[in-house]
Amino acid sequence: MKIKLLILNASRILICSWGFLPFPGYGAVYSNELALSSSLSGSFHEDSSDSVHFWGFDRWNDREGWTCPEILNGSVTGGALWLSVQLVKKNEGERSWKEQVWGDSHNEQLVSPKGLEINAEQFNKIAIRLRNLSPETDGFVRWRTTDKPDVDAGCIRFTMKPDCKDWQEVVCHMDEHWKGKIDQIMIQPAILWQRGDIWIDWISIKKGDIKKEIQHPDICSDAVVPQIKIPGISQNDFNDAFKVLDECIITNFPIYGFNYPVMSPGGYYGENWWQLDASLNVAGTKWTNQGFVEDMMRGFAGVQAQNPDGRIDLYGGSPVRGQVADVSSLPKYFEAAYDVARRSTDPVLQNTIYETMNKYLGYWFSSKKRDQSTGLITGVFEETFSNPHQNPGIIAPIDLNVAVAVGCFNTGKLGEYLGRKEESEKFQNDFEQLKENINKYLWSDSDQVYYNYNVLEKKHDKRLLCTTFDVLQLGIAPLDRIEKLIPKLLNPSLFYWGIRPLTTIARTEAGYMEATGPYDGKAWFGDIWTLRNLPVIKGLEDAGKHDLAAELTWSTIKTFNAKYCEYITPAQGTGEGVQRYGWSASQYIQTIIEHLFGIDYNSLDKRLRIIPHIPRELIGQELEISNLIIPTANRLRISLKVRKPDKGETAVSLKIIGNPGDDELELFLPVPESKMITAKDSKGKELRLLKVKDESNGLTGVRIKMKGHLDVNFNSHGYQDVN
């Protein structure tokens, strides 16, 4: 994604060709304790008796027939082959910040002697004993065969522990990947090429057991996907969204420092992890496999721990992994991590997630990211999608500042749950301060909108973006400004309201365009993305504009239904970019479950909350979702029916399968302050009403203990005191 354009796509395409190669020793089922460990040391040791080829590098200055580019050093000393992977030299002068993101393309390799004559069916393992004093986690083995000795026949990835003083043994499982007679092998020892040294004690080619496949997490089978009945949305289309997510799963781990199964973006972006894509993919996936997304959080904790500044890298190929740097990506991790933590029943994981959020905020609030004069967070492209490439420390974007503010809020809430009172108060104060700065510097009194802000020139970047509505979330924008923003939201000549979901920038802007075809970065300046619409839906709900939230929810669902592509053109409605794109499918699922049906579960509060948002088009229709997993200790499932016959009535029927224990049910409806409603159960008994007193506005409903079956009929024509 984003604006490195051709270089980015090329790098992701390259990743797509890399092999399936987790560490040896991992069984068919991954566990919560899975991490980089001594499992690297398999059954291969310095014994050449069962090797078809063995190179020990024990003789001074003798590479034993291997050739090595001069830039890698390649000297043999002390009984090991010494490689330098610091191809970025300190004396090269000032480097572009973009090189922190994409680096330089290198393919430096050790090349074995020719004529190895290896029988691929008999010898299927390449074992390497090495000492890795670099941030590198991955390397590659390529090979050539006797019948085509001048052409690479394939490529397999191997993994290693980074910045590790101990010797470690890594195994490259060739298994069924290579065939015939192998004439020569090549070893690429690194992918980042930024700093450090690797010493190779020995290389051995021998036989071994076929590596067991790792169990693929179930996120799309009939056993876990809920059933829906929504007019115009078929079950097959809903199922397919989960299948798109399934296609993103990488069980070929560890992968670029990520030590658990993870999700790629999908399509031609290949087999790699990305902070933004994986975080957004959690949104839908958590509804079918909580254990899988919990392991993804453990994986994020691992990759973050490799960096000394609390940063989570943009993606697995970020060349500055393992050192301080200036670039991450738009931190949707704060939302994904908080959602996983508050749905989890594992207190150890909850504390691990809390620490990752704490450290990540430390990165964003560091002096390299936070402007001292305004207190705003600055970012470059990939950390925001609202500006073309700028050097660091210039633009304070709306989307980034709101994302970090959400991070402060969520981290504070999680800290409160975990008994971290002082830390929680600090994060809440950080939220309030950032909220104040957003309103002070990003708001334009003259234009009555929020703009990105140039902190060096101390002026607005006056392009009207749909991110101007991101500030509706969590009460960031004050009420009077919300009322000034809403007319612009509802003006179809600006953002297509009422026709399609919101365009990324106003149609009246000079730079507006509708990009088609493969991603080239231009789609952020006109096309429709789920990433841009979900924050506005959430913001409208937070601001008490539930009728508008319902309409944008339904528009987003209809537009992306059966089109789980990267982005959609506003005028034609065609799906462009990657056609089976993870986060579009994920946020489509999220929009149906969490916004249309309004289902939310919080294990820390021990409550299931349901707030349906029924759009005008579905009034009089019955909506149903059944067999939806609720990740309680007892793994409940629920079935929910909602029908709004007219504007004055709403009927809700909930069936719970399993033992809900002490959990409570909160069932609310969007009700304006001026209206009073009554709620009755199936026997006609009136239920006590209450209003939500947290960040959501304009909600009235009931709170009761969860039980097997509940019917509630709301009617706004009656009267009852609202407490």
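Residues numbered from 1 in each chain as written. Predicted model: local features only at pLDDT ≥ 70, side-chain atom pairs only at ≥ 80, totals over all residues. Heavy atoms only, no water.

A. Structural detail: the environment of M186. For M186, the position within the fold is in strand β10 (residues 181-188). On the accessibility criterion, M186 (3% relative accessible area) is buried. Residues M186 and R144, 42 residues apart in the sequence, show an inter-C-alpha distance of 8.6 Å. Setting aside anything within four residues of it in sequence, one finds M186 in contact with Q109, L110, V111, F140, V141, R142, W143, R144 and D152. (Helix = DSSP H or I, 4+ residues; strand = E, 2+ residues; numbered from the N terminus. Buried < 20%, exposed > 50% of the residue type's maximum accessible area, 1.4 Å probe, protein only. Contact = heavy atoms within 4.5 Å.)

B. Main features of the environment of I438. Here I438 is to be found in helix α9 (residues 421-442). Here I438 falls in the buried class, since its relative accessible area comes to 0%. Setting aside its immediate chain neighbours within four residues, I438 contacts L376, N401, V402, W443, Y450, V471 and I476.

C. Main features of the sheet that holds strand β24 (residues 622-630). Strand order across the open sheet formed by six strands is β12-β24-β25-β26-β31-β28, with antiparallel pairing between neighbours. A single partner strand is all that each edge strand has here, and the edge strands are β12 (227-229) and β28 (678-681). Between one strand axis and the next, the sheet turns by 15° as a mean value, whatever way the strands run. Two elements, strand β25 (residues 636-643) and strand β26 (residues 649-657), share seven bridges in a ladder whose sense is antiparallel. (Pairing = 2+ DSSP bridges. Axes fitted to C-alpha atoms, helices over the stretch in contact; angles between N-to-C directions.)

D. Examining the packing of helix α8 (residues 398-417) against α9 more closely. In the contact formed by α8 and α9, the axes pass within 7 Å of each other and the chain directions differ by 160°. In terms of their interaxial angle, α8 and α9 are classed as roughly antiparallel. The hand of the α8/α9 crossing is left-handed. Where α8 approaches α9, its residues I398, N401, V402, V404, A405, C408, F409, T411, G412, K413, G415 and E416 are matched on the opposing element by S424, F427, Q428, D430, F431, L434, I438 and L442. In the contact of α8 with α9, the residues fall into eleven nonpolar, six polar and three charged. (Parallel < 35°, antiparallel > 145°, perpendicular 65-115°, else oblique. Left-handed = near helix turned anticlockwise from the far one by under 90°. Nonpolar A, V, L, I, M, F, W, Y, C, P; charged D, E, K, R; others polar.)

E. Main features of unusual backbone geometry. Along the chain, F253 connects to P254 via a cis peptide bond; the corresponding omega equals -5°. With respect to the element layout, P254 can be found in the loop between β13 (249-250) and β14 (262-263). Residue N61 is not a glycine yet carries a positive backbone phi of 65°. Inspection of the secondary structure puts N61 in the loop between β1 (51-55) and β2 (73-77).

F. Region of interest: the sheet that holds strand β18 (residues 452-454). Strand order in the open sheet formed by three strands is β15-β18-β19, with antiparallel pairing between adjacent strands. Only two strands of the sheet have a single partner each, and these edge strands are β15 (395-396) and β19 (459-461). Where β15 meets β18, two bridges bridge the pair, whose relative direction is antiparallel. By the bridge assignment, I395 is partnered in β18 with N454. Across the sheet, α9 touches β15, β18 and β19, and the angle it forms with β18 is around 75°.

G. Structural context of the pattern of salt bridges. One pass over the structure, following the stated rule, counts 38 salt bridges. Taking the shortest distance from any N to any O, the salt bridge between D50 and K206 comes out at 3.3 Å. Of the two residues, D50 sits in the loop between α1 (6-16) and β1 while K206 sits in strand β11 (residues 197-206), which places them 156 residues apart along the sequence. The exposure class assigned to D50 is partly exposed, which follows from its relative accessible area of 42%. Residue K558 pairs with E617 through a salt bridge whose shortest N-O separation is 2.9 Å. Linking K558 in helix α13 (residues 546-560) with E617 in the loop between β23 (607-610) and β24, this pair joins segments that are 59 residues apart in sequence. (Salt bridge = Lys/Arg side-chain N within 4 Å of Asp/Glu carboxyl O.)

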